[in-house]
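Commentary on secondary and tertiary structure
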Amino acid sequence: MLAVIRAHPLGVLVTSGPEGPEASHLPFFLDASARLLRCHMARANPQWRLLQPGDRALVIFAGPDHYITPSWYPGKREHGKVVPTWNYVAVHVTGNVRLFEDAPSLLQHLNELTDFNEARFARPWSVADAPPEYIAGMAKAIVGIEVAMDRIEGKWKVSQNRSEADQQGVVEGLRELGSDAGREMANLIGVAHRPR
């Protein structure tokens, strides 16, 4: 589940306000050793103003997903008793919220988040590459949010409810599409059903 968060770090922060649920899509940094998620949002976003220390939040991370046609199931040809579905991977994290607004904490967060996301590039950009006064000004426009992870739940629907023949048909169908999303889901089905 932590690997899904790292691979798909854009999460949906869901909190409850006086007018009902509030949600924002935000890039998160996972500090697995401390069991913390950190993100930031614009001060112009009203959601953070509704948060009190210790409030509960849900963060939803969406991993790979794909439509599954019943045409890929051998059963379609045999008996026709098949319907379409959707395969997906998601991780739900729940925990208490803490806001941070001090410059040193925000700068540390921005460095962690940037360094993690830039690591894949041959010439990674660093926060230090921008003028310090520019970064200081940008940091004044955001609020940091930390979620202490006390519950983490994986939601995986990758054809595990289908027969081995159906799973193989789905894998072959997804690979024939030639898309990155199809290959990624096909690989997950193969991993999920490999003998242990």
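Treat the numbers as computed from the prediction; the structure is a model and nothing was measured.

Take helix α3 (residues 103–118) next. In a regular helix each residue adds 1.5 Å, so 16 residues correspond to 22 Å; α3 covers 22 Å between its end C-alpha atoms and thus fits that length. Those residues of α3 lying buried are Leu106, His109, Leu110, Glu112, Leu113, Thr114 and Glu118. Elements that come into contact with the buried residues of α3 comprise β2 (20–27), β3 (29–31), β4 (36–42), β6 (85–100), α4 (132–139) and β7 (142–157).

With that settled, the discussion passes to unusual backbone geometry. Positive phi, close to 55°, is recorded for arginine 35, a residue that is not glycine. Relative to the helices and strands, arginine 35 is located in the loop between β3 and β4. Judged by its relative accessible area of 40%, arginine 35 is partly exposed. Unlike most non-glycine residues, serine 159 shows phi in positive territory, near 65°. Relative to the assigned elements, serine 159 resides in the loop between β7 and α5 (164–177). Taking the relative accessible area as the measure of exposure, serine 159 reaches 1% and is therefore buried.

On to the side chain of aspartate 31, then. Positionally, aspartate 31 belongs in strand β3. Of note is the side chain of aspartate 31, whose polar atom sits 3.1 Å from the side chain of serine 33. Excluding residues within four positions of it along the chain, aspartate 31 makes contact with Leu36 and Arg38.

Residues Tyr67, Trp86 and Tyr88 make up a contiguous nonpolar surface patch of roughly 320 Å² in combined accessible area. Structurally, tryptophan 86 can be placed in strand β6.

The final tally for this structure, using the stated rule, is three aromatic pairs. A ring pair is formed by phenylalanine 28 and phenylalanine 61, whose centres lie 5.6 Å apart and whose planes are at 75°; its orientation type is edge-to-face. Of this pair, phenylalanine 28 sits in the loop between β2 and β3 while phenylalanine 61 sits in strand β5 (residues 56–68), and the two are 33 residues apart along the sequence. In terms of burial, phenylalanine 28 and phenylalanine 61 fall into one category: buried.

The element β4 is largely enclosed, with a buried count of six among its seven residues. Across three bridges, β3 lies against β4 in antiparallel orientation. Its bridge partner lying in β4, phenylalanine 29 is registered against arginine 38. Hairpin connection between β3 and β4: a loop of four residues separates the two successive antiparallel strands, and arginine 35 in this loop has a positive phi of roughly 55°. Bridging between β4 and β7 involves seven bridges; their strand directions are antiparallel. Along β7, the bridge assignment pairs histidine 40 with glycine 144.

Rules used throughout
Residues numbered from 1 in each chain as written. Predicted model: local features only at pLDDT ≥ 70, side-chain atom pairs only at ≥ 80, totals over all residues. Heavy atoms only, no water. Helix = DSSP H or I, 4+ residues; strand = E, 2+ residues; numbered from the N terminus. Expected span 1.5 Å × (residues − 1). Buried < 20%, exposed > 50% of the residue type's maximum accessible area, 1.4 Å probe, protein only. Contact = heavy atoms within 4.5 Å. Polar contact = N/O pair within 3.5 Å; in protein donor to acceptor, adjacent residues only side chain to side chain. Patch = residues over 30% accessible without salt bridge, like charges linked within 9 Å, V, L, I, M, F, W, Y side chains within 5 Å. Areas by Shrake-Rupley, 256 points an atom, 1.4 Å probe, with all protein chains shown as cover. Salt bridge = Lys/Arg side-chain N within 4 Å of Asp/Glu carboxyl O. Phe/Tyr/Trp six-rings, centres within 6.5 Å; stacked < 30°, edge-to-face > 60°. Pairing = 2+ DSSP bridges.

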